[in-house]
Amino acid sequence: MSDRRRAAGLLALSALAGIVGAGVFLAVAEVAALVVARESSPILAVGSFVIDIVPQPLKELAISTFGEYDKIALLLGLALAVVVASAVAGVLQYLRPPLGVIAFGVAAALSIAAIVTRQGASELAWLPPLLGAVAGSAVLVLAVGRLRRWAAAAQAPETLTDSSSRPESIDRRRFFQIIGVAGAGALIVGIAARATNVAVSSIAAVRKALRLPEPRSTVTVPEGAEFDIPGLSPLYTPNADFYRVDTALTVPAIDPSAWRLTIDGMVGERVELSFDDLVGMGLDEYSITLTCVSNEVGGDLLGTAKWLGVPVRDVLALAGPQAGADMVLSRSIDGFTASTPLEALTDAGRDAILAVAMNGEPLPLEHGFPVRMVVPGLYGYVSATKWLTELKVTTFAADEAYWTPRGYSAQAPIKFSSRLDTPRTGEPVAAGAVVLAGVAWAQTVGIERVEVKVDDGDWQRATLSSAVNDDTWVQWFLEWDAAEGSHDITVRAVDRAGELQVEERAPIAPDGSSGWQRTLVRVT
Ligand SMILES: Nc1nc2c(c(=O)[nH]1)N[C@H]1C(S)=C(S)[C@@H](COP(=O)(O)O)O[C@H]1N2
Ligand SMILES: [Mo]
């Protein structure tokens, strides 16, 4: 082989290494995007960015040239640009390391810029391109490193006779191994992740376009239900701030038009409902505070929303639960299950619902789109099944829910509790007038009063907000004349049944934490 041809061949292979490195970059970013932030797929973000910055006349030209294929043309153009740029990065890495890695870094920086400047980008949106760049660079460095050693060995005088064990052929073999494994892996994983991402994004579009019927009734929020105190949780938790707890690695993508709810098990008649059937039963609005069993004393795994839904008892009545049943096993499309006492769902005094909307919009995908269960007074893991697909009427003796064999009780009513929101631990406050404020909840019963103790002082009664209903938390505040130094603030509640909040500490397993929250506040 002539030196010229060999040099050209090595350059071509380094270009290939660049392209495979870029493939790994995109595939890893795509997988990470699925897990942490859907909008941070670099290909899509950069594509959208290009669409946004292309001047209108050029856009029109593209549309008139490519017609309805304009987006495809853009993506193909973008793909071509990526292939060329990554080939160049590979060659650069070969000729002048670490220029190729630097090129990948620049690509990561550009995609991060395109991603985080998009509206509604989530907090971790910068992470996928970064992880992608790290993985892609690793492949690039390894592969091009082998290539350079191979080239160097080929130039060296031949000393060994067995050609297959010469360093040159080892490095060549390693190079093709790296390229082959990384290339095939990137292709398979990248395409699968992108396809999933597309499915989820298209459901996001379906959700956006979904119009729910007007509710027959709405929640009346009484005067004085919400205090205006900095640092205090709002009465209704914005969907974007609502805590999320589930076992789903990627958010299930369910099209409401394909969704079916099956009510079966110990019933007179197995019933199947479509989404239209369900919302056609009539929607009402409910104000309910949801609580996670994993919420520690003082923790933030709870939130309040206005939900639109249909009573579970009306849905169960269509199938007719049989005598002897004492539990409903609700199942999610991803296999998660929750065991809810049948009685909590049929009790006319409890607003257990199948919810389709949260704070004025269809359920966010993360919160169970298109249908989830919400049961006041029971922890989420035994009642609040998201992406609901089945209600099986059964018994606690016969069936077990997801968390039951994993150390949590089969039945778990919420332990009522109270929390200090402001001031927060470790956040120093100035001496003088300080407002202590927080929330308290006792779903299905209601909060009677909240009491606060500073150091070893007397229990003082806090001012409560007007309760929306017994299922919704109340806010409380107490004005405090704070003297310099460290102070110990203790909060406790009394519910409307006259019970005092349990003082004894309990861990979250097996059925929820208890104890009075104590906070050390530093006054300066
Ligand atoms: N499908 C499914 N639904 C689920 C869960 C889950 O893991 N999978 N977790 C439950 C738990 S433990 C809680 S506390 C609530 C949380 O609901 P949120 O994420 O909407 O706040 O959902 C419940 N529903
Ligand atoms: Mo939970």
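Residues numbered from 1 in each chain as written. Chains lettered and ligands numbered in written order. Predicted model: local features only at pLDDT ≥ 70, side-chain atom pairs only at ≥ 80, totals over all residues. Heavy atoms only, no water.

**Describing the sheet that holds strand β17 (residues 485-495)**
In space, the 4 strands of this open sheet follow the order β14-β13-β17-β18, with antiparallel pairing throughout. Each of the sheet's edge strands pairs with one partner strand only, and the pair in question is β14 (460-461) and β18 (517-523). When β17 meets β18, the two strands line up antiparallel, connected through 7 bridges. Bridge pairing links Asp488 to Leu520 in β18. (Pairing = 2+ DSSP bridges. Helix = DSSP H or I, 4+ residues; strand = E, 2+ residues; numbered from the N terminus.)

**Description of the packing of helix α5 (residues 99-116) against helix α6 (residues 127-155)**
One can describe the packing of α5 onto α6 by two numbers: an axis separation of 9 Å at closest approach and a directional angle of 165 degrees. Classified by the interaxial angle, the pair formed by α5 and α6 is roughly antiparallel. Between α5 and α6 the crossing geometry is right-handed. Every residue of α6 that contacts α5 at Gly100, Val101, Phe104, Ala108, Ser111, Ile112 and Ile115 is listed here: Pro129, Leu130, Ala133, Gly136, Ser137, Leu140 and Val141. (Axes fitted to C-alpha atoms, helices over the stretch in contact; angles between N-to-C directions. Parallel < 35°, antiparallel > 145°, perpendicular 65-115°, else oblique. Left-handed = near helix turned anticlockwise from the far one by under 90°. Contact = heavy atoms within 4.5 Å.)

**Describing the nonpolar core**
In terms of nonpolar packing, the biggest core is built from 77 residues, with Ile263, Trp307, Leu354 and Leu391 touching the most fellow members. The leading source of residues in this core is strand β7 (residues 353-358), at 6 residues. Counting contributing residues per domain, this core is built from domain 2 (239-406) and domain 3 (417-523), each supplying no fewer than three. Every residue in contact with Leu391, bar those within four places of it in the chain, is listed here: Leu261, Thr262, Ile263, Asp264, Val312, Val315, Leu316, Val328, Leu329, Ser330, Leu354 and Met373. Of all hydrophobic cores here, the second largest spans 25 residues; its members include Leu10, Val24, Ala143 and Ala182. (Core = buried A, V, L, I, M, F, W, Y, C linked by side-chain atoms within 4.5 Å. Buried < 20%, exposed > 50% of the residue type's maximum accessible area, 1.4 Å probe, protein only. Domains from an automatic or database assignment.)

**Brief notes about the packing of aromatic side chains**
Under the defined criterion, the tally for this structure stands at 13 aromatic pairs. Aromatic side chains Phe227 and Phe477 sit 4.9 Å apart centroid to centroid with 90 degrees between the ring planes, which places their arrangement in the edge-to-face category. Residue Phe227 is located in the loop between α7 (167-209) and β1 (260-265), and its partner Phe477 is located in strand β16 (residues 474-482); the two are separated by 250 residues in the primary sequence. Both residues of the pair, Phe227 and Phe477, count as buried. Here the guanidinium or amino end of Lys306 rests over the ring plane of Tyr236, the centre of that ring lying 5.0 Å away. Against the face of Tyr402 rests Arg406, its NZ or CZ located 3.9 Å from the ring centre. (Phe/Tyr/Trp six-rings, centres within 6.5 Å; stacked < 30°, edge-to-face > 60°. Lys NZ or Arg CZ within 6 Å of the ring centre and 35° of its normal.)

**Here we look at the domain arrangement of the protein**
Examined at the domain level, the protein breaks down into domain 1 (3-201), domain 2 (239-406) and domain 3 (417-523). Contacts between the two partners involve 5 residues from domain 1, matched on the other side by 6 residues from domain 2. Each partner contributes to the roughly 440 Å² buried at the junction of domain 1 and domain 2, and carbon and sulfur atoms together form 65% of this total. Taken together, the connections running from domain 1 to domain 2 amount to 0 salt bridges. The tally of links between domain 1 and domain 2 comes to 0 residue pairs in polar contact (both at pLDDT 80 or more). (Buried area = accessible area lost by both parts, 1.4 Å probe. Salt bridge = Lys/Arg side-chain N within 4 Å of Asp/Glu carboxyl O. Polar contact = N/O pair within 3.5 Å; in protein donor to acceptor, adjacent residues only side chain to side chain.)

**Some thoughts on the environment of Pro97**
Structurally, Pro97 is set in the loop between α4 (70-95) and α5. With 44 residues separating them along the chain, Pro97 and Val141 place their C-alpha atoms 8.5 Å apart. Apart from the residues within four sequence positions on either side, Pro97 is in contact with Leu92 and Arg148.

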